[in-house]
Structures are given as C-alpha cells and as structure tokens.
Amino acid sequence: MPALDADVIIIGAGAVGCAIARELSRYEASILVLEKECDAAYGTSGRNSAVVHAGFNNKHGSLMAKLCVEGNKGFEALAELLNVPYRKTGKILVAFDEADMQELARIKARGEDNGCTGLRLIDGTELHALAPKLRGIGGMLSENTAIFNPFEYCIALAENALVNGARFVFNSEVTAIRHDDTGFTVTAGENLCRCKVLINAAGLYCDKISAMLGINDYRIYPCRGEYFILDKIAGSFLNIPAYPVPRPGIGGLGVHLTPTIEGNIIIGPSAEYISERDDYASTSEIMAKLFTEALDLLPGLERRQIIGNYCGIRPKQAPPGEGGFRDFVIKNEPAVPGFINLIGIESPGLTASVPIARMAAGLVSENMPLKPKNDFIARRRGRVKFSALTQDEQQRLIAHNPDYGEIICRCQNITKQEIRDAIENPFGARSISSIKYRSWATTGRCNGGYCMTRIVDMLVNEYGLKPEEITYRGKGSEMFSGRVK
Ligand SMILES: Cc1cc2nc3c(=O)[nH]c(=O)nc-3n(C[C@H](O)[C@H](O)[C@H](O)COP(=O)(O)OP(=O)(O)OC[C@H]3O[C@@H](n4cnc5c(N)ncnc54)[C@H](O)[C@@H]3O)c2cc1C
C-alpha cells in the first residue's frame, strides 16, 4: 500500500473540509485531505439551497447562530477573493396572517440578539414591491441574506488550499483508523496514511468515522430534502428568496422558493427522515406536495417550468420524533488526543464553513504549533464566463482563441474553451459531474441532451480517454460499456 504522511489529515472534501484545508494552508504544516468521491462537493455541500443565511433562525447562544452570523458577515469579501459567484439578494419570510406577523416579530428579535443586522418587518405594499407575484400580507425582510454557487465555492476553497500546498486524494474512502502514541494510521482506499492530528469532516458519515476511534457518543439520522429546479424564470417571477414562517419541529426551514445565481428558481426542500444515508431518490408524493406548497407562496407557477430535481440529506443529530435543530459539535476529543470531531454540520454549514474552519484551526493549534507562512496566496483566479461578457469582450476572446467561438452547451451558452478550462482545472476534472460543477454545462432545459455527447467527444478525442473510462460521477457510474455498431 502506498504510504502518505502529513501533519494534519482531514477526512471529507465538502465545504467544511475544504475550508479547513484552506485555513490550515496559511501555516507551515503539511495538510492532506482524503475524500471517498472523485471530487470535492459531491456530498451535502453540492445538494442544498445555496443561500448565505443571516443567522436569525438559530437558537440564541448556539454555536450555529454565532458561526452563521460570522460567516454571513465575511462571505461577500471571501466570494470576491475566491472569485465565486455571489449576490446579496436579501430574503423575505412571508406572513399569511397576523399570527405569522407576531411570530416574525419574535424571529426578528432573536436575530438581533444573535447579532444579525438588516432585519425589518414589512407590510403588504413593500412585500409586493419587492416580489409582486408573491402571496402574503407582509413579512420580514433580511437584507443581508445572499445566494451563491456552492459547487464553485467548494472547488475554489479546495483549489486555493492546493495552491498553498495542501494535498487532496480523491477516491479514497477511509475504512479504518488506528491511534497510538505517535499519531494516527488511516486506511483510505489504496493508501495507508499517517498524521499527528486527524480531523473528521465527513458530513453524513461523521458518526461512523468517530466510531472507528471508539467514540460512539454520536449518531446521525439522515433527513432528506427534495427540490424541483425551474427554468430560468427568476427575473420575471422572483428575484429574492421567499420562505414561509418556520414551523417548530419540522427539521428544516419549510418549503421555500430560491432564485439561483444562474437565474433558475428552486422549490424545496422537504424534510423526511430516511434510513439510508445515500438514498438520493426523489419520490412522487413529496414532489407533488412541494409543488402545492410552492403555489401557496407563488400562485403563478406552472409545472411546465420544471426542468429537473435533486435532493440533499441533512446529517441530523436530532432523531425522528424530536426533529428540530441540535447544535454543531466541534471539539478536540479528550479520549483520543489529536482527534478533532465535527458532528452534525447541517444548515447553515455552508454559510458558517469558514468560521468553522477557523475554529478547527484553533483546535489544531492546541495539538501542535502552527506557524504562519509568509507566502500564503489568498486570492484565486476565477473562470472566464463567456456569456457574462460584453459582445466586444467576446469578440476579442474569439479572435485570440477560436474555441470561444464554439458553443458546446446551448442552454447555458458555454463555449468549448470553458469546457476545456474545466477539464484542465488544477484537479483535472474527468467525470461529467466534475465538468458540470466547473463550467455549468448540462444544467439547462435539455439536461445535457445536446452538450453531453460533445463533452464526451472532447474527453475521448482530445484528452485520450477510452469511452468506457468516462463516468457521470466517478467509479460505479460508467456511461458506456462498448460499441453497438
Ligand atoms: C436540503 C439542504 C439544504 C441546505 N441549505 C443550506 C443553505 O442554503 N445554506 C447553508 O449555509 N447551508 C445549507 N445546508 C447545509 C450545508 O449544505 C451543510 O451544512 C454543508 O454542506 C456541510 O458540509 P460538510 O463539508 O460538513 O459535509 P459534506 O459536503 O457532506 O462533505 C463531507 C464529505 O465527506 C466525504 N466522506 C464521508 N465519509 C467518508 C469516508 N469514510 N472517507 C472519505 N471521505 C468521506 C463525503 O463524500 C463528503 O464529500 C443545507 C443542507 C441540506 C441537506
């Protein structure tokens, strides 16, 4: 088995693991990230509402509230630094009656206690000025809520950590961990890895990783949230996330409507406890319920606007029956010196990912000295987004490089050069999903009907892959088994 050594090993390349890798790459320490999937953001970090929350929903005094408010305050600057698409849209909690308005006054007071700013109760006139098609008698506006691209966010954190010396090993599922006086021995796929400090950022599997070291205090209950994706109607229908007033005990924030940074609208998520952590199936009952609940908020929606669906799974510590939220657990485990557990990082884990990472780095420094580097590179160069450029800028690019003149994804206007940039990205994207997360190709109304074959063609004819090697999302999702003629 190949041996890999590092000062710190992080298990999991979701937003949290990648943010920790970036944070630790500021210091003179060797960092290794082990991820079971073939890329970053394949877990919960790529399956969510993509909202930068303000922090008014979380219990006052909780770690969730503190880290969410902190994350929200720093997000805009971070997104600019890492070149991640981000837009401060604000968000409305919609009231349907006076009882809702009274609940919103309580939520506003809690938010202000948590340190949120920009919260305002609004009447029906202001509600309809902000979102003319919404139903409701008023609501609460949160001015500092934002939307962003969570895939690009994770990838940006990972790329920036990589540039600063962190190593990532994908397709490496951690299956066993041994601890002795000198540190940890981690079996991950083909590799045997050694480290002084081990960080568990395994999301839905955090309790299993913890149990590998004999700490059985945690249990994760998977709670699925299903979504619909609507066509690019955000501009004309809704430009601001719209949520119902949260009801206690449902295990989520209720079915909401969220414009995406790319101009779609997503409807969801539902909240349903399930038995399997990898059960990403969508169910017709829940999907029907989602649409009905969405119509309560936005009556003009039509089924023909639906172009796709997906789901994410919450790593809940609260068992079915209890529902609701339990606070993040982020701690050094005294029973296993050098082991840092991150348990139950459900929403608002994306918003809070960088403050979580800072906290984790603080815990690492209790185990080993962390000396700051003087050559940390904080900025990441972003990708060229051809469709967002002016016609003059587009012409200049095409004159210089004809691959900008060939459209591969017609729905999203993605050029051949943008696909090439995705494939040649620092991590070397080879699966269709990894190319999609980096370029946004295949995400339009035709669901890849036009561009998928062209991307496959590029992988085969320009990058030398055999068709049988091409996967949708890594091993087990091979797309071709041989020639038919
Ligand atoms: C429906 C839904 C909506 C949400 N909406 C929002 C939102 O709008 N805003 C917000 O801030 N938060 C939101 N969240 C929460 C947010 O998505 C999560 O808190 C965050 O993504 C957690 O990141 P993570 O890195 O801890 O977990 P993950 O992204 O799941 O990463 C964990 C990684 O560990 C890997 N792994 C697991 N086991 C092993 C192993 N044995 N070996 C190696 N690797 C392993 C997994 O493959 C995975 O890549 C939402 C969550 C859900 C489910």
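Residues numbered from 1 in each chain as written. Predicted model: local features only at pLDDT ≥ 70, side-chain atom pairs only at ≥ 80, totals over all residues.

Draft legend 1. Here's a closer look at the domain arrangement of the protein chain. Looking at the protein chain, the domain boundaries give domain 1 (1-87 + 149-219 + 320-380), domain 2 (88-148 + 221-316) and domain 3 (386-469). Measuring from the centre of the C-alpha atoms in domain 1 to the corresponding centre in domain 3 gives 30 Å. With 4 residues, helix α5 (residues 150-163) is the single largest residue contributor to the side of domain 1 that touches domain 3. (Domains from an automatic or database assignment. Helix = DSSP H or I, 4+ residues; strand = E, 2+ residues; numbered from the N terminus.)

Draft legend 2. Main features of the sheet that holds strand β12 (residues 183-188). Across the sheet, which stays open at both edges, the 4 strands sit in the order β1-β13-β12-β11 with mixed pairing between neighbours. The sheet is open, and its two borders are formed by β1 (3-5) and β11 (174-180), each paired with just one other strand. Taking the axes of each pair of neighbouring strands and ignoring which way they run, one obtains an average angle of 20° across the sheet. (Pairing = 2+ DSSP bridges. Axes fitted to C-alpha atoms, helices over the stretch in contact; angles between N-to-C directions.)

Draft legend 3. Quick peek at the nonpolar core. If you look at the biggest cluster of nonpolar residues, it comprises 123 residues, and the most contacted ones within it are V8, I9, A158, I356 and A360. Composition of this core by domain shows at least three residues from each of domain 1 (1-87 + 149-219 + 320-380) and domain 2 (88-148 + 221-316). With residues near it in sequence (within four places) discarded, I9 still touches L32, L34, F184, V186, C193, C195 and L198. C409, I419, I432 and M452 belong to the second largest nonpolar core, which has 16 residues in total. (Core = buried A, V, L, I, M, F, W, Y, C linked by C-beta atoms within 7 Å. Buried ≥ 20, exposed ≤ 12 C-beta atoms within 10 Å, placed from the backbone. Contact = placed C-beta atoms within 7 Å.)

Draft legend 4. Geometry of the pairing of strand β6 (residues 91-95). Across the 5 residues that make up β6, a large majority, 5, are buried. Burial along β6 is two-sided: K91, L93 and A95 and I92 and V94, pointing in opposite directions, are all buried. Bridging between β6 and strand β8 (residues 138-142) involves 5 bridges; their strand directions are antiparallel. Each residue of the ladder has a partner; that of A95, found in β8, is G138.

Draft legend 5. Examining unusual backbone geometry more closely. With an omega dihedral of -5°, the bond running from G268 to P269 counts as a cis peptide bond. Cis geometry marks the peptide bond from S347 to P348; its omega dihedral reads 15°. Even without being a glycine, N413 presents a positive backbone phi close to 55°. Here N413 lies in the loop between β23 (407-409) and β24 (414-415).

Draft legend 6. Structural detail: the site of the ligand. Not every one of the 40 residues close to the ligand is listed here, only the nearest: G12, G14, G43, G203 and G349. At the level of secondary structure, the elements contributing two or more residues to the shell around the ligand comprise α1 (15-24) and β20 (306-316). Taken together, the residues that form the shell around the ligand break down as 19 nonpolar, 15 polar and 6 charged. (Near = placed C-beta within 6 Å. Nonpolar A, V, L, I, M, F, W, Y, C, P; charged D, E, K, R; others polar.)

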